[in-house]
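Here's the letter readout for the chains.
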Amino acid sequence: MKTSLEMANLRVLQAERQIKEWQAVRQIEQQAAINDQAASADYQKGKKDGNKELDNAITGLRTSLRLREQQLASVKQNLPAASSSPLGCDATPRSDFLVTYGEDALRLAAEADNVVRQLTACQAILKQDRYMPKAAGADSD
């Protein structure tokens, strides 16, 4: 009888220890999920902010090129002889050309920024997983 009571107490202690280990693992998993969500939210915010920056940069490019075109038109009106000279100002407006290629360059830079944001988010998740505390008795890979 005493032996079966001791065995039962031992099983209870083992079960309690296992419950504590599972709770510790569950807590670590919950913290990992919270950290993953934070990394995802940072990435999404950075992407949204990056899109705003891109829109502002494109608007600034268009505005500055329109201003440049107006300045060139003003100079051309004030110097009519220069435009008829072979060495004079270009008669065709180039702002459309510059806007197109400028926008392409800005969009390419924005894509590169988004790749960096993605890699940064992935890196944060990998670091978290690598340095996540292991619960007692947890299996390791």
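Numbering of residues starts from 1 in every chain and runs along the sequence as written. For a predicted model such as this one, the threshold for reporting local features is a pLDDT of at least 70, and the threshold for listing and counting side-chain atom pairs is 80 or more; totals across whole chains, interfaces and linings nevertheless cover every residue. To get the side-chain values, take all heavy atoms of the structure and skip hydrogens and water.

## Considerations on the overall build of the chain
Only DSSP runs of H or I covering at least 4 residues are called helices, and only runs of E covering at least 2 are called strands; the numbering of each starts at the N terminus. Within the chain one finds 3 helices and 0 strands. Accessibility here uses a 1.4 Å probe with only protein chains present; expressed as a share of the type maximum, an area under 20% marks a residue as buried, one over 50% as exposed, and anything in between as partly exposed. Sorting the 141 residues of the chain into buried and exposed places 14% on the buried side. Contacts: residue pairs with any heavy atoms within 4.5 Å of one another. Sequence separation of at least 24 residues holds for 89% of the intrachain contacts in the chain that already meet a minimum separation of 6. The Shrake-Rupley method, run with a 1.4 Å probe sphere, supplies the accessible areas, and residue values consider only the shown protein chains as cover. As displayed, the chain has an accessible area near 11500 Å², and 57% of this comes from carbon and sulfur atoms.

## Re the side chain of E103
The residue E103 is located in helix 3 (residues 95-131) in this model. Residue classification places E103 among the buried residues on the basis of a relative accessible area of 11%. Residues contacting E103, with those up to four places away along its chain left out, are I58, L61 and R62.

## Quick look at the pattern of salt bridges
Here, a salt bridge means any side-chain nitrogen of Lys or Arg that lies within 4 Å of a carboxyl oxygen of Asp or Glu. Taken as a whole and judged by the stated rule, the model has 3 salt bridges. Put simply, K45 and D49 hold a salt bridge, and the shortest N to O gap is 2.8 Å. Note that K45 and D49 are positioned in helix 1 (residues 2-78) at a spacing of 4 residues, about one turn of the helix. On the accessibility criterion, K45 (52% relative accessible area) is exposed. Members of the salt-bridge network, linked through shared partners, are R62, E103 and R107.

## A short note on the environment of A105
As for its position among the elements, A105 is in helix 3. Residue classification places A105 among the partly exposed residues on the basis of a relative accessible area of 47%. Taking C-alpha positions, A105 is 10.0 Å from I58, a pair spaced 47 residues apart along the chain.

## Some words on the environment of D104
Locating D104 in the fold gives a position in helix 3. Between the C-alpha atoms of D104 and I58, which are 46 residues apart in sequence, the distance is 9.6 Å.

## Notes on the confidence of the model for the chain
Summarising the model, the chain shows a mean pLDDT of 83, and 81% of its residues fall at 70 or more. The element-level mean pLDDT for the chain is lowest in helix 2 (residues 80-84), coming to 53, with helix 1 highest at 90. The pLDDT value expresses, per residue, how confident the predictor is, ranging between 0 and 100.

## Overview of the side chain of N114
Its place among the elements puts N114 in helix 3. On the accessibility criterion, N114 (17% relative accessible area) is buried. Residues within four places of N114 in sequence aside, it is in contact with Y43, K47 and N51.

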